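Structural overview for review
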Amino acid sequence: RQTSLSKPHRLCGGVVLLFAASALVVSAKAQPPATTLAVLPIKLLDTSAEPKDQTAEHRLRLQTIAAELTSDLGSLGRYRTVPVLAEDVQRTCTKETTECLLSMARSQGAELVFVGVVHKSSTLIMQMWARIVDARTGGVLFSTELNFRGDNDEAWHRAEAFLTNQIREAAPQVQR
């Protein structure tokens, strides 16, 4: 047995459906399109003079933190992130000049570029400088320095999470 809605009920349901569809369209239009952000490989300056060679461990941590930043910043919804591989930088920008790096990012469709450097001054003391710059002008849109303790995977991961949160909080200002 089929039941049919009376004409007023069908009309009311249709109006509700129309309003719901309109709200989705307005919501989609209200959200600005994601800005393309190239994440350059993060550099390490190690002045700790520790006797143990940690090159391989540091290379892996640098790759991991760059991958986590690329993923986490992309999940914010404001950015479409593009990872830039170290091999591509070495091949394209042998001297790693600012203009070459910005040009490389622009060629990948980036409007913004993330640049980061970690300084290890001892086993316990690490600093990271991070910037987001306009790929067209090189103008700095976001800049921070953070300190973290310990040269282990957990310390690096926590530094990345903290940095992502800082960028998220500054996101309205970090737009072209």
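What counts, and where the lines are drawn
- Residues numbered from 1 in each chain as written.
- Predicted model: local features only at pLDDT ≥ 70, side-chain atom pairs only at ≥ 80, totals over all residues.
- Heavy atoms only, no water.
- 1 Å grid on protein atoms, 1.4 Å probe; cavity = no way out; pocket = protein on both sides within 12 Å on 5 of 7 lines; lining within 4 Å.
- Points joined across faces, edges and corners; volume = space filled by probe spheres on them.
- Helix = DSSP H or I, 4+ residues; strand = E, 2+ residues; numbered from the N terminus.
- Nonpolar A, V, L, I, M, F, W, Y, C, P; charged D, E, K, R; others polar.
- Expected span 1.5 Å × (residues − 1).
- Buried < 20%, exposed > 50% of the residue type's maximum accessible area, 1.4 Å probe, protein only.
- Contact = heavy atoms within 4.5 Å.
- Core = buried A, V, L, I, M, F, W, Y, C linked by side-chain atoms within 4.5 Å.
- Disulfide = S-S within 2.5 Å.

1. Brief notes about the layout of surface pockets
In this structure, the largest pocket encloses a volume near 610 Å³. Lining the largest pocket we find 26 residues, and of these I42, R59, L62, Q63 and A86 sit closest to its centre. Mapped onto the lining of the largest pocket, the elements with two or more residues apiece are β2 (43-46), α2 (55-74) and α3 (86-92). Tallied by class, the residues present in the lining of the largest pocket amount to 13 nonpolar, six polar and seven charged.

2. A closer look at α2
With 20 residues, α2 extends 28 Å between its outermost C-alpha atoms, agreeing within 8% with the 28 Å of an ideal straight helix rising 1.5 Å per residue. Within α2, the full set of buried residues consists of H58, R61, L62, I65, A66, L69, T70 and L73. In this fold, the buried residues of α2 make contact with β1 (35-39), β2, β3 (79-83), β4 (112-120), β5 (125-134) and α5 (153-170).

3. A few points about the nonpolar core
One finds I42, L69, F114, M128, F148, L163 and I167 to be the most contacted residues of the largest nonpolar core, which totals 26 residues. Among the secondary structure elements, those contributing two or more residues to this core are β1, α2, β4, β5, β6 (140-149) and α5. When residues in this core are grouped by element, the largest group, six residues, is from α5. Once residues lying within four places of it in the same chain are set aside, the contact partners of M128 are I42, I65, L69, F114, G116, V117, V118, T144, E145, L146, F148 and L163.

4. Details of the environment of A49
Residue placement: A49 occurs in the loop between β2 and α2. Note: C-alpha distance between A49 and K120 (71 residues apart in sequence) is 9.5 Å.

5. Describing the state of the cysteines
Counted according to the given criterion, the structure contains one disulfide. Here C93 engages in a disulfide with C100; their sulfurs sit 2.1 Å apart. Handedness here is read from the sign of the S-S torsion; for C93 and C100, about -90°, the answer is left-handed. A relative accessible area of 22% places C100 in the partly exposed class.

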